[in-house]
Amino acid sequence: MPDITLTTLVVLCLAAAAAGWIDAVVGGGGLLLLPALLLGLPHVPAAHVLGTNKAVAIVGTSGAAVTYARKAPVKIGTAVRIGLMALAGSMTGAFFAAGISSDVLRPVIMVVLLAVAGFVMLRPQFGKEAAGATDRKVTRARTVTAIVLVGGGIGFYDGLFGPGTGTFLVLALTAVLHLDLVTASATAKIVNVCTNGGALAMFAYQGNVMWQLAALMAVFNLAGGLLGARTALRKGSEFVRGVLLVVVFSLVARLAFDQWS
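Thresholds applied
Residues numbered from 1 in each chain as written. Predicted model: local features only at pLDDT ≥ 70, side-chain atom pairs only at ≥ 80, totals over all residues. Heavy atoms only, no water. Helix = DSSP H or I, 4+ residues; strand = E, 2+ residues; numbered from the N terminus. Buried < 20%, exposed > 50% of the residue type's maximum accessible area, 1.4 Å probe, protein only. Contact = heavy atoms within 4.5 Å. Areas by Shrake-Rupley, 256 points an atom, 1.4 Å probe, with all protein chains shown as cover. Core = buried A, V, L, I, M, F, W, Y, C linked by side-chain atoms within 4.5 Å. Phe/Tyr/Trp six-rings, centres within 6.5 Å; stacked < 30°, edge-to-face > 60°. Lys NZ or Arg CZ within 6 Å of the ring centre and 35° of its normal. UniProt positions renumbered as here; feature names shortened; annotations may be inferred. Polar contact = N/O pair within 3.5 Å; in protein donor to acceptor, adjacent residues only side chain to side chain. Patch = residues over 30% accessible without salt bridge, like charges linked within 9 Å, V, L, I, M, F, W, Y side chains within 5 Å. Salt bridge = Lys/Arg side-chain N within 4 Å of Asp/Glu carboxyl O. Expected span 1.5 Å × (residues − 1). Axes fitted to C-alpha atoms, helices over the stretch in contact; angles between N-to-C directions. Left-handed = near helix turned anticlockwise from the far one by under 90°.

### Thoughts on the overall build of the protein chain
Counting its regular elements, the protein chain contains ten helices and zero strands. The order of helices and strands in the protein chain, counted from the N terminus, is α-α-α-α-α-α-α-α-α-α. For the protein chain, the residues scored as buried account for 49% of the 261 residues in total. Taking all contacts inside the protein chain whose residues are at least 6 apart in sequence as the whole, residues at least 24 apart take part in 84%. Entry remark: accessible area of the protein chain is about 12,000 Å², with carbon and sulfur atoms responsible for 69%.

Given below as C-alpha cells:
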C-alpha cells in the first residue's frame, strides 16, 4: 500500500462507502470512486488506480447483487447470460480503446445522457410498473436483444470508455425487458459483477492492484452497497428514478468538465 496520510485514507474510505450506495441504487458509483482515487493518489500509476478501483467496486457490487437477488424478482439466468455477453463486449471494447479519442467520444455520450434525462423526465411512468407485472410481455426476441445489444453493446462501451455503464444498464434493461427500475437495478448489479470480475482478473494478472488499500476500502464499499440495495428495495422505483436523474446530470457535468477543463 502506498504511503498516504490518515486524512486521505479516511476520505477514500468514505468515498468508497458513498460510491457503493450510489452504485447499488442506480449505478454510476465510479463517478465518485475513481476520481477520489486519482485525486488521493496523484503519484500512483493510472493502471494501479484502475485495478484497485475494480477490486473495491466488485465487492460492493457483489454484495448488492446478492441482496437484490434474494428480495427482488430478478431472473438470475437472464442476468448471467447478459453479464457473460457484457464481459465479452468489454474485452472487445478494451482492445479498441487505444484507437479512440475520448475528446470525440465525450460529447457524444453527453448528448445521449441529456436525451436520456429528458426522456425520463417527460415519461414519469417510466420504470414504475409493479415488479414482475410485465413478465408475460417479455418475448424471447426481447430477451435475445437484451443479451446481444444490452450486454454486448454496453459491455463494449464499458471497455472502450466506461463512465455511466451502470446507469446505461438500468435504463436499457428497463426499456428492453419492461422491468421496473428496482428490478433493472438488481439485474444490472449481476451484469456488473461479470464485467468487473473480468477486468479485475486482467489487472491482477498484470500486478496492477494495491490489495491492502483495496481490501480496506472494499469493506466500506460493501457496507454502502448493502445499504443502497436495501434503500432501493424499501423506497421503490420513484426513489430510484430521482437518484437516476441526479446521477445522469452529475455524469454530464463530469464529462463536460473533463472535456473543456
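### Some words on the nonpolar core
Core analysis: the biggest nonpolar cluster contains 46 residues, and Val150 and Leu173 have the highest contact counts within it. The element that contributes the greatest number of residues to this core is helix α10 (residues 237-260), accounting for nine residues. Beyond its immediate chain neighbours, meaning those up to four positions away, Leu173 contacts Ile82, Val150, His178, Leu179, Ala184, Thr187 and Ala188. Ranked by size, the runner-up nonpolar core spans 23 residues in total, among them Leu9, Ala15, Val44 and Val209.

### What to know about the packing of aromatic side chains
In the structure shown here, the tally under the stated rule is two aromatic pairs. Consider the rings of Trp21 and Phe239, whose centres lie 6.0 Å apart with planes at 80 degrees: the pair is edge-to-face. Of this pair, Trp21 sits in helix α1 (residues 6-26) while Phe239 sits in helix α10; the two residues are 218 residues apart in sequence, bridging distant segments of the chain. What makes Trp21 partly exposed here is its relative accessible area of 26%. Residue classification places Phe239 among the partly exposed residues on the basis of a relative accessible area of 24%. Here the aromatic rings of Tyr157 and Phe168 are separated by 5.5 Å at their centres, their planes lie at 90 degrees, and the arrangement is edge-to-face. Of the two residues, Tyr157 sits in helix α6 (residues 140-160) while Phe168 sits in helix α7 (residues 165-177), which places them eleven residues apart along the sequence. Take Phe168: its relative accessible area is 13%, and that puts it in the buried class. Here the basic side chain of Lys235 rests over the ring of Phe239, its NZ or CZ set 5.8 Å away from the ring centre.

### Topic: the UniProt feature "transmembrane region" (unreviewed entry) in the protein chain
As annotated by UniProt and renumbered to match this structure, "transmembrane region" (unreviewed entry) occupies residues 44-66, 78-98, 104-122, 143-161, 209-227 and 239-257. With 89% helix and 0% strand, residues 209-227 has its two end C-alpha atoms placed 26 Å apart. With 100% helix and 0% strand, the stretch residues 239-257 has end C-alpha atoms that lie 27 Å from each other.

### Remarks on unusual backbone geometry
For His178, which is not glycine, the phi dihedral falls at a positive 60 degrees. Residue placement: His178 occurs in the loop between α7 and α8 (181-205).

### Topic: the environment of Asn192
The topology assignment puts Asn192 in helix α8. Sequence separation between Asn192 and Ala86 is 106 residues, and the spatial gap between their C-alpha atoms is 8.4 Å. Residues contacting Asn192, with those up to four places away along its chain left out, are Asp23, Thr61, Thr165, Gly166 and Leu169.

### Notes on the environment of Ser250
Residue placement: Ser250 occurs in helix α10. As a C-alpha pair, Ser250 and Gly28 span 222 residues in sequence and 9.5 Å in three-dimensional space. Side-chain polar atoms of Ser250 contact the backbone oxygen of Val246, separated by 2.8 Å.

### Things to note about the side chain of Thr231
Mapping Thr231 onto the fold places it in helix α9 (residues 211-235). Looking at Thr231, the relative accessible area reads 6%, which means it is buried. Beyond its immediate stretch of four places on either side in the chain, Thr231 contacts Trp21 and Phe239.

### Regarding a nonpolar patch on the surface
A cluster of nonpolar side chains, Met85, Val144, Val148 and Leu149, forms an exposed patch at the surface whose accessible area comes to about 330 Å². For Val148, the location among the structural elements is in helix α6.

### Describing α1
Between its first and last C-alpha, α1 extends 30 Å over 21 residues, near the 30 Å set by a 1.5 Å rise per residue. Along α1, the positions that sit buried rather than exposed are Leu9, Leu12, Cys13, Ala15, Ala16, Ala19, Gly20, Asp23, Ala24, Val25 and Val26. Two residues or fewer past α1, Gly27 is found with a positive phi of approximately 85 degrees.

### So, the packing of helix α4 (residues 76-96) against α6
Think of two packed helices as two axes; the pair is described by the angle between the axes and how far apart they sit. In the contact formed by α4 and α6, the axes pass within 6 Å of each other and the chain directions differ by 35 degrees. α4 and α6 meet at a crossing whose hand is right-handed. For the pair α4 and α6, the contacting residues are Thr78, Arg81, Ile82, Met85, Ala86, Gly89, Ser90, Thr92, Gly93, Ala94 and Phe96 in the first and Thr143, Ala146, Ile147, Val148, Gly151, Gly152, Gly155, Phe156, Gly159 and Leu160 in the second.

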